[in-house]
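Residue-level listing of the chains:
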Amino acid sequence: MSRPHKRATVHDIAAAAGVSRGTVSRVLNGGYVSAEARAAIEAAITEVGYVPNNAARALKMRRSQAVAFVALEPHSLFLDDPNIGSIMLGANAALSLADHQMVSLVVESARDTERVARYLSGGFVDGAIVVSARTRDPIIKVISDLSLPAAFVGHPPELNLPFVGIDNVGSARAITARLLAGGRKRIGMIAAALDRDSGIDRLTGFKTALGTAYDPALVAEVPLYDYGSGVKGMRALLAADPAVDGVFAASDAIAAGALEALREAGRSVPGDVGVVGFDDSTWAVRCQPQLSTVHQPAKELGSCAAQLVLRQLNGETLEQGGQMLPTPIVWRDSA
């Protein structure tokens, strides 16, 4: 009679990868190791056929082995926004590697906030990743009061919790300056989501780049980072000043809508009007012409946020302040 197959252990992974057991444990628990060590360990996990005993570990640690992904967006935007999808994929990949499940929660209303608050406080998840929190958003207080290990993508001004983000002010300033350097004289902005830090900061960067040339009449305020807002915002800019020859759209989806409104008005891009976006999402390369934009590292934002939560669950004390990721300009054909 054949013997039952022996279950692979952390020791087996360490031996196959040529690293210490402590290094393997850090990877399995979401801690930091070098990219080379992580790749070797992932290959060794496949080689030895390691399957974690999550049930025993969860019972021992009194944990659910689940992390909530909380998106504070309308349901329609949650499905359509490629950035949120990429952030989710990045977060899920990091959580999956640490053998945690991701639970998606969408918050659109006050009732949603109450429902999610009850869920977060019920022990169903060990931590939370929060995307698109508004200024003074009640979900921030809920998480803080629960002392729930959490990380935010973005940085509302009153936030005193771990976060990962980008320099929205500097990025908006840089791409607006590039538009100016191309000879555009009357530059407007379709400014979205001014109830959250990303929207406010992108408008601030736009103002800073223009300096004395800034004209508040050439700012069309729209509620969401979506295509429909771009169409409406561009129509408003053309109504305010038909001579507008440059547009900074607060997202690629907005920029795509702006292109449609410009086509309706018989304006050529980039001939009559130069248009730039923000995100470097799939919208940017689907547009005709393809968008000049700011690259937002969405998957990396999700991965980093997940790792911040996992580090807290692993007992690490995080340094004060957040983690900022680079956002290079990607110049294409729209400006």
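In this report, the structure presented in the accompanying data block is examined. Note that the structure is a prediction, hence the values are computed from the model and not measured. (Residues numbered from 1 in each chain as written. Predicted model: local features only at pLDDT ≥ 70, side-chain atom pairs only at ≥ 80, totals over all residues. Heavy atoms only, no water.)

### Some remarks on the pairing of strand β4 (residues 150–153)
1) Next: Burial along β4 is two-sided: the face carrying Ala 150 and Phe 152 and the face carrying Ala 151 and Val 153 are both buried.
2) Next: Pairing analysis gives four bridges linking strand β3 (residues 127–131) to β4, with the strands arranged parallel. Among the inter-strand pairings, Ala 128 is bridged to a residue of β4, identified as Ala 150.
3) Next: Traced from β3 through helix α8 (residues 138–146) to β4, the parallel crossover comes out right-handed.
4) Next: The sheet contact formed by β4 and strand β5 (residues 163–166) spans two bridges and is parallel. Residue Val 153 lies in a different strand from β5, and its bridge partner there is Val 164. (Buried < 20%, exposed > 50% of the residue type's maximum accessible area, 1.4 Å probe, protein only. Helix = DSSP H or I, 4+ residues; strand = E, 2+ residues; numbered from the N terminus. Pairing = 2+ DSSP bridges. Right-handed = clockwise from strand over helix to strand, strands pointing away.)

### Here we look at the side chain of Arg 184
1) Next: Looking at the secondary structure, you find Arg 184 in the loop between α9 (168–181) and β6 (187–192).
2) Next: Within the buried set, Arg 184 has no salt-bridge partner at all; the shortest N-O distance to an opposite charge, 5.3 Å, is to Asp 245.
3) Next: Of note is the side chain of Arg 184, whose polar atom sits 3.3 Å from the backbone oxygen of Asp 245.
4) Next: Here Pro 270 takes part through its backbone oxygen, which lies 2.7 Å from a polar atom of the side chain of Arg 184.
5) Next: The residues contacting Arg 184, other than those within four sequence positions of it, are Leu 179, Asp 245, Gly 246, Pro 270, Gly 271, Asp 272, Val 273, Gly 274 and Ala 335. (Lys, Arg positive; Asp, Glu negative; His and termini not counted. Salt bridge = Lys/Arg side-chain N within 4 Å of Asp/Glu carboxyl O. Polar contact = N/O pair within 3.5 Å; in protein donor to acceptor, adjacent residues only side chain to side chain. Contact = heavy atoms within 4.5 Å.)

### Let's talk about the layout of surface pockets
1) Next: In this structure, the largest pocket spans a volume of roughly 610 Å³.
2) Next: Taken together, 43 residues form the lining of the largest pocket, with Arg 196, Ser 198, Arg 202, Tyr 225 and Gln 296 sitting closest to its centre.
3) Next: Elements with a minimum of two residues in the lining of the largest pocket: α5 (75–80), α6 (82–97), β3, β4, β5, α9, α10 (197–210) and α11 (227–240).
4) Next: When its volume is computed, the second largest pocket comes out at roughly 190 Å³.
5) Next: Contributing to the lining of the second largest pocket are His 155, Leu 159, Asn 160, Leu 161, Pro 162, Phe 163, Gln 312, Leu 318, Glu 319, Gln 320 and Gly 321.
6) Next: For the lining of the second largest pocket, a count of residues per class yields five nonpolar, five polar and one charged. (1 Å grid on protein atoms, 1.4 Å probe; cavity = no way out; pocket = protein on both sides within 12 Å on 5 of 7 lines; lining within 4 Å. Points joined across faces, edges and corners; volume = space filled by probe spheres on them. Nonpolar A, V, L, I, M, F, W, Y, C, P; charged D, E, K, R; others polar.)

### Considerations on the sheet that holds strand β8 (residues 246–249)
1) Next: Read from one edge to the other, the open sheet built from four strands follows the order β7-β6-β8-β9, with strand pairing classed as parallel. Among the strands making up the open sheet, the edge pair consists of β7 (219–222) and β9 (274–276). With strand direction ignored, the average angle separating the axes of adjacent strands in the sheet is 15°.
2) Next: Both β6 and β7 contribute to a ladder of four bridges, which runs parallel. Across the sheet, the residue bridging to Ala 191 is Glu 221, located in β7.
3) Next: Running at roughly 165° to β6, α10 makes contact with β6, β7 and β8 of the sheet.
4) Next: Seen against the sheet, α11 touches β6, β7 and β8 and runs at an angle of roughly 145° to β6. (Axes fitted to C-alpha atoms, helices over the stretch in contact; angles between N-to-C directions.)

By themselves, these figures tell us nothing about what the structure is for.
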